[in-house]
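Report on the structure
Spelled out, the chains give:
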Amino acid sequence: MPNQPDSPETSFRVDDWESLWHLYNTYSTEPNWPLDLRSQKAFAQMIEAWSLSAWLRDGQVEIAIAQPSARPIGFASLTTAFGEHPDLGRAMEIGTYLAPAARGSGLNQKLKLRALHAAKEIYGADWLVASIPLANERARRAYAKLPIAFFAYQGERPSPWYPYWRRRQFAAGTPVMLYITPLHD
């Protein structure tokens, strides 16, 4: 989605790398910051990957900016999970982070729904998937509160989701659950 205001309190910017660095510099030591993005090197590599994804037009990062302070307060990343799976089609993965002061404000749901819209309308995805560590109860509850249909997947076989779940669990280094939202009608 283009950079646009959503309310007097929050505006949104797409692929604003400077704002993402501001979020990192401000919150990377906060307990809920993504574990795999805590080191500056890991975050720089993720920015590179997100930047390439944006350049290739197969993903984006939308940053929530508090107004009137112009402070970044959260983001939703949208990346290609897989392009053309023979049984599933195209899937996009979402990841979100909110600054502590923005939690409980409804912003998480707003970011996720904006990402869902982009996944379907801009990137033509059939599925939106979130890989959430089992230990992250807050994130799991937040996804469950979304006003959308989804199912949770935790490695049951046989399933076309099994290889992706296994890869995401390995990357996370901890047990994960996939929250999978069909985007087709």
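Being a predicted model, the structure only gives us computed values, none of them experimental.

Some thoughts on the overall build of the protein chain
- Counting its regular elements, the protein chain contains five helices and eight strands.
- Expected size for 185 residues packed as a compact globule is a radius of gyration near 16 Å; at 16 Å, the protein chain falls within 12% of this value.
- Projecting the C-alpha coordinates of the protein chain onto the three principal axes gives extents of approximately 50 × 35 × 30 Å.
- Counting the 185 residues in the protein chain, one finds 44% classified as buried.
- By sequence separation, contacts in the protein chain at least 24 residues apart represent 62% of the contacts at least 6 residues apart.
- Across the protein chain, the centroid of the 19 positively charged side chains sits 6 Å from that of the 18 negatively charged ones.

Focus on the confidence of the model for the protein chain
- Residues with a pLDDT of 70 or more make up 95% of the protein chain, whose mean pLDDT is 91.
- Looking over the protein chain, one finds the lowest element-wise mean pLDDT in strand β1 (residues 4-5), namely 40, and the highest in strand β8 (residues 176-182), namely 97.
- Across residues 1-6, confidence stays below pLDDT 50; counting only partners more than four residues off in sequence or on other chains, it has 19 contacts.

What about the pairing of β8?
- A large share of β8 lies buried, amounting to six of its seven residues.
- Relative to β8, strand β6 (residues 127-133) runs antiparallel, the two sharing seven bridges. Across the sheet, W127 pairs through a bridge with P182, a residue of β8.
- Relative to β8, strand β7 (residues 151-153) is paired through three bridges, and the arrangement is antiparallel. Counterpart to F151 in the pairing with β8 is I180.

Conventions used here
Residues numbered from 1 in each chain as written. Predicted model: local features only at pLDDT ≥ 70, side-chain atom pairs only at ≥ 80, totals over all residues. Heavy atoms only, no water. Helix = DSSP H or I, 4+ residues; strand = E, 2+ residues; numbered from the N terminus. Rg over C-alpha atoms; globule rule 2.2 N^0.38 Å. Buried < 20%, exposed > 50% of the residue type's maximum accessible area, 1.4 Å probe, protein only. Contact = heavy atoms within 4.5 Å. Lys, Arg positive; Asp, Glu negative; His and termini not counted. Charge placed at Lys NZ, Arg CZ, Asp CG, Glu CD. pLDDT = per-residue confidence, 0-100. Pairing = 2+ DSSP bridges.

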